[in-house]
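# Remarks on the overall topology
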Amino acid sequence: MPELPDVEVFKGYLDATALHQEITDVAVRSRQVLGNVSSQKLTDHLEGRRFESTRRHGKYLFVHLDSGRWLVLHFGMTGFLKYFKAMDDEPAHARLLVNFANGYHLVYDSQRKLGEVDVTEDIQKFIEKKKLGPDALDPDLDFDAFSKAFFKSRAMVKSALMDQQLVAGIGNIYSDEILFQAGVHPRTKVARLGEEEKRTLFDAMKEVLQVAIEHRVNSEEFPSNYLLPHRRKGEECPRCHGEIDTIKISGRTAYYCPRCQQQ
DNA sequence: ACATTGACCTGAGAGC
DNA sequence: TGCTCTCAGGTCAATG
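## Observations concerning the sheet that holds strand β8 (residues 116–120)
Within a sheet, neighbouring strands are paired by backbone hydrogen bonds and run either parallel or antiparallel to one another. Spatially, β2-β3-β4-β8 is the arrangement adopted by the four strands of the open sheet, whose pairing is antiparallel. Only two strands of the sheet have a single neighbouring strand rather than two, namely β2 (51–57) and β8. Ignoring which end each strand starts from, the neighbouring axes of this sheet average 20° apart. Where helix α1 (residues 4–17) meets the sheet, it contacts β2 and β3 (60–65), and its direction lies at approximately 170° from that of β2.

Set out below in structure tokens:
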């Protein structure tokens, strides 16, 4: 799940549920998801504190503690959050359990343990250390700011969109949708994009991510000309009704329409 | 500098 | 039913 739009939805979920309550205790169910923090340190940082607010950069969610530190959550391929009361409702792969004084619990679940839980004092420093580029939906990221790094890339456009150092937040799924909306073939070299195509690509990036968030990431409710609801083998293109094709790009499967997205 | 591959992990689904 | 194989929305390191 977790690309930028998914993480933005998780952010809204956490904001609506788990803020301002005292954390009584926490349980680290899997140390493998911990970044540069030990189980003991994480516990010490959280217990007795409250979550006060959240921020997102790319695929990372930062949760501000009343101590001034930030809990960092990255969701890998399978991560999500769940807030619940009865322990019967605990999800199957809880890796971090946070218990609140009001009797509710927040779980960070990650089946494949590919995500990361960490603590940082300074978001900016964390972002620099991870070498993350600008957040794709940052309002300050206009076309000129985006162009600075992105169009210098010599990579294929799908790889560039997924490169978190160039622009943060886009993964395999949404890069496919952005390229479909822009009518650009995923193997196109960034350097070969024309001026108009560059604009179109940038606009599609902003539009697709925004639309996904507006529909709370539920692809069934996406506009009828979107690829994602049809992103399966043998399905047809919502625009030309030809067959969707797949190719491998840097080990990931790209879905695209060979007629609407010519190289 | 970039593309590819495998590793990290676990589980779902397909095919036999 | 049970086994094996392949694949999965991410990232990192090694190799060509």
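After presenting the structure, the write-up continues.
## Details of the packing of aromatic side chains
Counted by the stated rule, this structure contains 15 aromatic pairs. Geometrically, the ring pair formed by Y83 and Y104 is stacked, given 5.0 Å between the ring centres and 5° between the ring planes. Of the two residues, Y83 sits in strand β5 (residues 79–84) while Y104 sits in the loop between β6 (94–100) and β7 (105–110), which places them 21 residues apart along the sequence. Ring geometry for F146 against F202: centres 5.3 Å apart, planes inclined by 45°, an arrangement best described as tilted. You can see F146 sitting in helix α4 (residues 143–150) and its partner F202 sitting in helix α7 (residues 195–214), a full 56 residues away along the chain. An identical accessibility class is assigned to F146 and F202; each is buried. A cation over a ring is seen here: K198 above F151, with NZ or CZ 5.1 Å from the ring centre.

## Points about the sheet that holds β5
Taken together, the four strands give an open sheet; going across it, the order is β1-β6-β7-β5, and neighbouring strands pair in antiparallel fashion. Both outer strands of the open sheet, β1 (23–28) and β5, are each paired with one neighbouring strand and no more. Neighbouring strand axes in the sheet, compared pairwise and without regard to direction, differ in orientation by 15° on average. Pairing of β1 with β6, which is carried by five bridges, proceeds in the antiparallel orientation. Considered in β6, the bridge of I23 is made with F100. Strands β5 and β7 of the sheet are contacted by α1, whose axis makes an angle of about 20° with β5.

## A short note on the packing of α4 against α7
Contact geometry for α4 and α7: axes closest at 11 Å, N-to-C directions at 110°. The orientation of α4 with respect to α7, classified from their angle, is roughly perpendicular. The segment α4 lies against α7, with F143, F146 and F150 engaging K198, R199, L201, F202 and M205. Looking at side-chain class alone, the contact of α4 with α7 contains six nonpolar, no polar and two charged residues.

## Re helix α2 (residues 39–46)
For α2, every residue scored as buried is listed here: S39, L42, T43, H45 and L46. Seen from one end, α2 has its buried residues packed into an arc of 160°, which puts them on one side. Seen from the open side of α2, the exposed residues pointing more than 90 degrees away from its buried face are Q40 and K41. Those residues of α2 that are buried are in contact with β1, β2, β3, β4 (70–74), β6 and β8.

## Description of the environment of L73
By the secondary structure assignment, L73 is in strand β4. Not counting residues within four places of it along the chain, the set of residues in contact with L73 comprises K59, Y60, L61, V63, L81, Y108, E116 and V117.

How each quantity is defined
- Residues numbered from 1 in each chain as written.
- Chains lettered and ligands numbered in written order.
- Predicted model: local features only at pLDDT ≥ 70, side-chain atom pairs only at ≥ 80, totals over all residues.
- Heavy atoms only, no water.
- Pairing = 2+ DSSP bridges.
- Helix = DSSP H or I, 4+ residues; strand = E, 2+ residues; numbered from the N terminus.
- Axes fitted to C-alpha atoms, helices over the stretch in contact; angles between N-to-C directions.
- Contact = heavy atoms within 4.5 Å.
- Phe/Tyr/Trp six-rings, centres within 6.5 Å; stacked < 30°, edge-to-face > 60°.
- Buried < 20%, exposed > 50% of the residue type's maximum accessible area, 1.4 Å probe, protein only.
- Lys NZ or Arg CZ within 6 Å of the ring centre and 35° of its normal.
- Parallel < 35°, antiparallel > 145°, perpendicular 65-115°, else oblique.
- Nonpolar A, V, L, I, M, F, W, Y, C, P; charged D, E, K, R; others polar.
- Arc of directions from axis to C-beta.

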